[in-house]
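Reading the structure
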Amino acid sequence: MSTPVVVVHADQQSLAEAVAAKLVTRIAEAQAQRGSASIVVTGGGVGTAVLAALNGARNRGSVDWRRLDVWWGDERFLPAGDPERNETGARQALLDHVDLDPSRVHAMPATDGPDGDDAEAAAGRYAAELAAAARAEGADGGAGLPTFDVLMLGVGPDAHVASLFPKMFDPSEERTVVPVHDSPKPPPTRISLTMSAIRTAREVWILAAGESKAQAVGLGLSPAADPLEAPVAGARGAEQTLFLLDAAAAGGLPPGVAGSDAP
Ligand SMILES: O=C1O[C@H](COP(=O)(O)O)[C@@H](O)[C@H](O)[C@H]1O
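Residues numbered from 1 in each chain as written. Predicted model: local features only at pLDDT ≥ 70, side-chain atom pairs only at ≥ 80, totals over all residues. Heavy atoms only, no water.

For the chain, the name recorded in an unreviewed UniProt entry is 6-phosphogluconolactonase, with Actinomadura namibiensis as its organism. The UniProt entry for the chain carries the following comment under Sequence similarities (unreviewed entry): "Belongs to the glucosamine/galactosamine-6-phosphate isomerase family. 6-phosphogluconolactonase subfamily." A UniProt comment under Function (unreviewed entry) is attached to the chain, and it reads "Hydrolysis of 6-phosphogluconolactone to 6-phosphogluconate." (UniProt positions renumbered as here; feature names shortened; annotations may be inferred.)

**Quick look at the sheet that holds strand β7 (residues 177-180)**
Sheet architecture is open: three strands sit in the order β4-β8-β7, paired in antiparallel fashion. Only two strands of the sheet have a single partner each, and these edge strands are β4 (74-76) and β7. The average angle at which neighbouring strand axes cross in this sheet is 15 degrees, direction not considered. Pairing between β7 and strand β8 (residues 190-193): four bridges, direction antiparallel. From the neighbouring strand, V178 faces β8, where its bridge partner is S192. Where helix α4 (residues 119-137) meets the sheet, its contacts fall on β7 and β8, and the angle it forms with β7 comes to roughly 160 degrees. (Pairing = 2+ DSSP bridges. Helix = DSSP H or I, 4+ residues; strand = E, 2+ residues; numbered from the N terminus. Axes fitted to C-alpha atoms, helices over the stretch in contact; angles between N-to-C directions. Contact = heavy atoms within 4.5 Å.)

**Remarks on the sheet that holds strand β1 (residues 4-9)**
Taken together, eight strands build an open sheet; the order of strands is β5-β3-β2-β6-β9-β10-β1-β11 and the sheet is parallel. Looking at the sheet topology across the chains shown, the edges are occupied by β5 (105-106) and β11 (260-261). Of the pairings in the sheet, the one linking strand β2 (residues 37-41) to strand β6 (residues 150-154) comprises two bridges and is parallel in character. Its bridge partner being in β6, V40 is matched across the sheet by L151. Along the sheet, helix α2 (residues 45-55) contacts β2, β6 and β9 (203-208); its crossing angle with β9, the most-contacted strand, is approximately 110 degrees.

**Concerning the layout of surface pockets**
Considering only enclosed or pocket space, the largest pocket measures out at about 270 Å³ in volume. Forming the walls of the largest pocket are 21 residues, and the residues nearest its centre are G43, G44, G154, V155 and K185. Here the lining of the largest pocket gets three residues from one element, more than from any other, and that element is α2. The residue makeup of the lining of the largest pocket, split by class, is six nonpolar, 10 polar and five charged. (1 Å grid on protein atoms, 1.4 Å probe; cavity = no way out; pocket = protein on both sides within 12 Å on 5 of 7 lines; lining within 4 Å. Points joined across faces, edges and corners; volume = space filled by probe spheres on them. Nonpolar A, V, L, I, M, F, W, Y, C, P; charged D, E, K, R; others polar.)

**Here we look at the site of the ligand**
In the vicinity of the ligand, 13 residues are found, and the nearest of them are G45, D74, R76, K185 and K213. Note that an oxygen atom of the ligand is positioned 2.8 Å from one of the side-chain N or O atoms of K185. Contacts to the ligand include R190, whose side-chain N or O atom sits 3.1 Å from an oxygen atom. When isolated, the ligand has an accessible area of 390 Å², and the protein chains bury 90% of it. When each cavity is represented as a set of grid points, the ligand is found to reside in the largest pocket. (Near = heavy atom within 4 Å. Polar contact = N/O pair within 3.5 Å; in protein donor to acceptor, adjacent residues only side chain to side chain. Areas by Shrake-Rupley, 256 points an atom, 1.4 Å probe, with all protein chains shown as cover. Sits in = over half its atoms within 2 Å of the grid points.)

**Side note on the nonpolar core**
Where a protein is soluble and globular, its nonpolar side chains tend to be buried together. Counting 81 residues, the largest nonpolar core has W72, F148, M152, L153, L193, I198 and W205 as the members making the most contacts within it. Those residues in contact with I198 that lie beyond four places of it in its chain are L151, L153, A162, L164, L193, V204, A235 and R236. (Core = buried A, V, L, I, M, F, W, Y, C linked by side-chain atoms within 4.5 Å. Buried < 20%, exposed > 50% of the residue type's maximum accessible area, 1.4 Å probe, protein only.)

**Considerations on the pairing of β9**
Counting buried residues along β9, six of its six residues qualify, which places the element largely inside the surrounding structure. Here β9 shows a buried face lined by E203, W205 and L207 and a second buried face lined by V204, I206 and A208. Pairing between β6 and β9: five bridges, direction parallel. Residue pairing in the sheet places L153 in a bridge with I206 of β9. Looking at chain direction, β9 and strand β10 (residues 240-246) are connected through six bridges and run parallel. Within β10, the residue paired with A208 across the bridge is L245. Taken together, β9, helix α6 (residues 214-220) and β10 form a β-α-β motif whose crossover is right-handed. (Right-handed = clockwise from strand over helix to strand, strands pointing away.)

**Let's talk about the confidence of the model for the chain**
Low-pLDDT portions of the prediction should not be read for the details of their coordinates. On average, residues of the chain carry a pLDDT of 96, and 98% of them reach 70 or more. Interface scoring of the predicted complex returns ipTM 0.97; its pTM is 0.97. (pLDDT = per-residue confidence, 0-100.)

**A look at the packing of aromatic side chains**
The relation between two aromatic rings is expressed through the spacing of the ring centres and the mutual angle of the planes. Throughout the structure, instances matching the rule amount to two aromatic pairs. Both rings, one in W71 and one in F148, keep their centres 6.5 Å apart while their planes meet at 65 degrees; by these two values the pair is edge-to-face. On the criterion of sequence distance, the pair formed by W71 in strand β3 (residues 68-72) and F148 in the loop between α4 and β6 is long-range, its members being 77 residues apart. As far as burial versus exposure is concerned, W71 and F148 are alike and both buried. Clustering of aromatic rings is evident, with ring pairs tying together W71, Y126 and F148. (Phe/Tyr/Trp six-rings, centres within 6.5 Å; stacked < 30°, edge-to-face > 60°.)

See the structure below:
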């Protein structure tokens, strides 16, 4: 697993614009190398701001949108189109404005989908979709997951990532997708990638802005933190882990961890 690198931007808007530009570069690189690219998007304030910035990015023409797979790290289990769904925010910010192949936009199921409000079945359905993509890629080592070039995660003030909340998940869960019940943050029912699935991504980018995230970010970078109590501390990419922060979220870095200021 990779050791985190911390990059600090002045404020949330500069952070979102810098992450969007970087994402274009990573997608274009993956498409040049493999013919296609795959990203995992996140809900929440910064995650959605990044997608909106991507829509307005000057270099967005470098992406071949038809050869991009879009997956979600987690979803609030609500009806399709509900404003609280992460999918709804992502569509409004970016996905409805670019020429994606609809069959490559892999939204997590909604409560008015084929499984109704059965979150277990919905999680299983998403796991099956991931496994099918892994098989189609022909590079599935048995994990049941396709290549994720970049997996983005927001972080809650309680240090949760995706919908993996402190002391409420199994760090060694072998499934790739799980239902989440009794979430401390509304809505109570969610669907989430597991920690083992997150850790297969080539690059994990943790995005945080604002003072309310400083403590969680500090825990996420502390070698002593227990990932069960601070899930962000367990979120690492196979090749690279980036903590992409604004100055306020970088206010509680642990001793010995330096953030480099973005140019
Ligand atoms: O509920 C969620 O919260 C986190 C963090 O959101 P934020 O607004 O505090 O940045 C988000 O990453 C996750 O996808 C979402 O379901």
